[in-house]
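Tertiary structure, described
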Amino acid sequence: IGIATYPNAGKTPESLCKHADLAMYKAKKGGKLSYCLFTDEMEQTQLHQKILEDAVQGAIKNKDFSLVYQPIYDLVSKNIVGAELLCRWKHKTLGEILPDEFIPIAENAGLIVDLGHLIFELAIADIVLLSQSQQQTLWFAINVSIKQFYGNDFIDLLQSTLEKNALPSSAFEIEISETAFTEETMLYDKTINQLAASGVRISIDDFGTGNLSLNRLNTLSVSTLKIDQSIIEKIEHSKNDNNMLNTFLNLAKNMSLLVIAEGVETEKQLDFLKAHDCQYGQGFYFTEPLSFSDFKAIL
């Protein structure tokens, strides 16, 4: 239920209905049996969202987004084996806008597929340049909204682009957040398995934060689990958390899956992960996300 009261929330039937609707939208985010009273802040938030929505649309059209590289390291040798490509957006008047803000806006506005195609286009251009100058084989991870799997456009785009640029499918790792795996998204499982069958690696991102069942994980052609930073940062602080992390690592080992620890920041975390056979990691302990030129330089 959304509630708007006269006269503070509006003096006409139209404004009261509009503001009650805004309050109801917020109440829905609280789950069933929730209610919300309208406040002026909600209208300001909606206005801000509309401004950003228009800005995102313009930024996609003008290709104002850029990529940075978060290197992925072999925890034993400390060699770089790949990188996660992260999207960045610097608005000319609003400044740096974080992905946590613009990605949900793009999803809600129906722009996530266009944004995803742009990120993929930018990534391919960089990866082609790297493949021409580097001897070692690297893999590149790109986070994809599960909404991009609607229809076959994404698979067709990926496969045709790889063929056109003579890039191996194994050079790509598609990351899908564990929180995306709900009952409503089960119809995309077939598409995920088709991608994997083409040689593209599939990774479950933010593992440990969602509700992906073991049964469903077993039916997906997944190659990698990325343990969420919120779990890694609790290493050495709680025995229960350490046991949970060790359970994840054993699960991956028993299912022949690779494991990447996200957000590694300390020597203690690194030592724990190595002692429990975690193969790969990324985070500020090694380096912060790098520009293309800086990433190329440290290779």
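First, a word on scope: everything that follows refers to the structure included in this document. Residue numbers here run from 1 along each chain, matching the order of that chain's written sequence. This being a predicted model, a pLDDT of at least 70 is required before a residue's local features are given, and a value of 80 or more before pairs of side-chain atoms are given or counted; all residues contribute to the totals for chains, interfaces and linings. Neither water nor hydrogens contribute to the side-chain values; these are computed over all heavy atoms in the structure.

1. Considering helix 1 (residues 13-29)
When the terminal C-alpha atoms of helix 1 are compared, their 25 Å separation across 17 residues agrees well with the 24 Å that a helix rising 1.5 Å per residue should span. For each residue, the accessible area found with a 1.4 Å probe, counting protein chains only, is set against the maximum for its type, and the residue is called buried under 20%, exposed over 50%, and partly exposed in between. Note on conventions: DSSP H or I runs of at least 4 residues are helices, E runs of at least 2 residues are strands, and numbering of each starts at the N terminus. Within helix 1, burial applies to S15, L16, H19, A20, L22, A23 and A27. Burial along helix 1 is one-sided: seen end-on, the buried residues are contained in an arc of 155°. Across from the buried face of helix 1, at angles greater than 90 degrees, the exposed residues are P13, E14, C17, K28 and K29. Contacts: residue pairs with any heavy atoms within 4.5 Å of one another. In this structure, the buried side of helix 1 is in contact with strand 1 (2-3), strand 2 (36-37) and helix 2 (40-62). Taken from the residues just after helix 1, G31 is the one with a positive phi, measuring 90°. A helix is expected to span 1.5 Å for every residue after the first. Directions pointing from the helix axis toward each C-beta atom define the arc.

2. Concerning the layout of surface pockets
Using only the protein atoms, space was sampled on a 1 Å grid; points where a 1.4 Å probe fits but cannot get out form cavities, open sets with protein on both sides within 12 Å along at least five of seven lines form pockets, and lining residues are those with an atom within 4 Å of a point. Grid points are joined across faces, edges and corners, and a volume is the space filled by probe spheres set on the points. For the largest pocket, the calculated volume is near 1,200 Å³. Taken together, 40 residues make up the lining of the largest pocket; nearest its centre are E84, L86, P99, D100 and N143. Broken down by secondary-structure element, the contributors of at least two residues to the lining of the largest pocket are strand 4 (80-91), helix 3 (99-108), helix 4 (112-133), strand 6 (139-143), strand 7 (172-177) and strand 8 (201-207). No other element matches the six residues that helix 3 contributes to the lining of the largest pocket. Each residue gets one label: Ala, Val, Leu, Ile, Met, Phe, Trp, Tyr, Cys and Pro are nonpolar, Asp, Glu, Lys and Arg are charged, and the others, such as Gly, are polar. Taken together, the residues that form the lining of the largest pocket break down as 18 nonpolar, 11 polar and 11 charged.

3. Here we look at the pattern of salt bridges
We define a salt bridge as a side-chain nitrogen of Lys or Arg found within 4 Å of a carboxyl oxygen belonging to Asp or Glu. Summed over all chains, the structure comprises nine salt bridges. Among the salt bridges present, the one from R216 reaches D189, with a minimum N-O distance of 2.8 Å. Taken together, the residues span a long stretch of sequence, with R216 in helix 7 (residues 214-219) and D189 in helix 6 (residues 189-197) at a distance of 27 residues. Of the residues examined, R216 reaches a relative accessible area of 9% and is grouped as buried. Its salt-bridge partner being E262, residue K226 comes within 3.9 Å of it at the nearest N-O pair. Of this pair, K226 sits in strand 9 (residues 224-227) while E262 is found in the loop between strand 10 (258-261) and helix 10 (267-275), placing the two residues 36 residues apart along the sequence. A single burial state applies to K226 and to E262, both of which are buried. Look at the salt bridges and you will find they share partners, linking E84, E175, K226 and E262 into a network.

4. Let's talk about the nonpolar core
General note: in soluble globular proteins, nonpolar side chains tend to be found buried as a group. To qualify as a nonpolar core, a set must consist of buried Ala, Val, Leu, Ile, Met, Phe, Trp, Tyr and Cys residues joined through side-chain atoms within 4.5 Å. Membership of the largest hydrophobic core comes to 80 residues, with the highest contact counts inside it found for F65, F140, F149, I176, L245 and L273. A per-element tally of this core places helix 4 first, with 10 residues. Those residues in contact with F140, other than ones at most four positions away along the chain, are Y69, A83, L85, I127, L130, A171, F172, E173 and F295.

5. Considerations on unusual backbone geometry
Cis rather than trans, the peptide bond between Y6 and P7 has omega equal to 0°. Topologically, P7 is positioned in the loop between strand 1 and helix 1. Despite not being glycine, K78 has its phi angle at roughly 60°, a positive value. Inspection of the secondary structure assignment puts K78 in the loop between strand 3 (65-74) and strand 4.

6. Description of the state of the cysteines
Here, two cysteine sulfur atoms that lie within 2.5 Å of each other are counted as a disulfide. Overall, the coordinates contain zero disulfides when judged by the stated rule. With no disulfide of its own, C17 lies 16 Å from the sulfur of C36, the closest cysteine sulfur.

7. Re the pairing of strand 3
Of all 10 residues in strand 3, eight are buried; the element is thus mostly enclosed. When DSSP finds two or more bridges between a pair of strands, those strands are recorded as paired. Between strand 3 and strand 4, which pair antiparallel in sequence order, lie five residues; one of them, K78, sits at a positive phi of approximately 60°.

8. Quick notes on a nonpolar patch on the surface
On the surface, L47, I51 and L94 cluster together to form a nonpolar patch covering roughly 270 Å² of accessible area. Considering the arrangement of structural elements, one finds I51 in helix 2. A relative accessible area of 45% means that I51 is categorised as partly exposed. A patch consists of residues exposed above 30% relative accessible area that lack any salt bridge, with like charges linked at up to 9 Å and nonpolar side chains (Val, Leu, Ile, Met, Phe, Trp, Tyr) linked at up to 5 Å. Note on areas: Shrake-Rupley, 1.4 Å probe, and residue coverage restricted to the protein chains presented here.

9. Observations regarding the packing of aromatic side chains
Working definition: a ring pair exists when centres of Phe, Tyr or Trp rings (six-membered ring for Trp) sit within 6.5 Å. Plane angles under 30 degrees give stacked, over 60 give edge-to-face, the rest tilted. Tallying each qualifying case throughout the model produces 10 aromatic pairs. Taken together, a centroid distance of 5.3 Å and an interplanar angle of 45° make the contact between F65 and W89 tilted. Of this pair, F65 sits in strand 3 while W89 is found in strand 4, placing the two residues 24 residues apart along the sequence. There is no split in this pair, since F65 and W89 are both buried.

10. Quick notes on the side chain of R201
Within the secondary structure, R201 is located in strand 8. Here the side chain of R201 touches E173 through a polar contact of 3.2 Å, side chain to side chain. Each residue touching R201, except ones within four places of it in the same chain, is listed here: W139, S170, F172, E173, I174, S223, T224 and L258. For this analysis, a polar contact is any N or O atom pair within 3.5 Å, provided that within protein one partner can donate a hydrogen and the other can accept it, and provided that sequence-adjacent residues contribute only side-chain to side-chain pairs.

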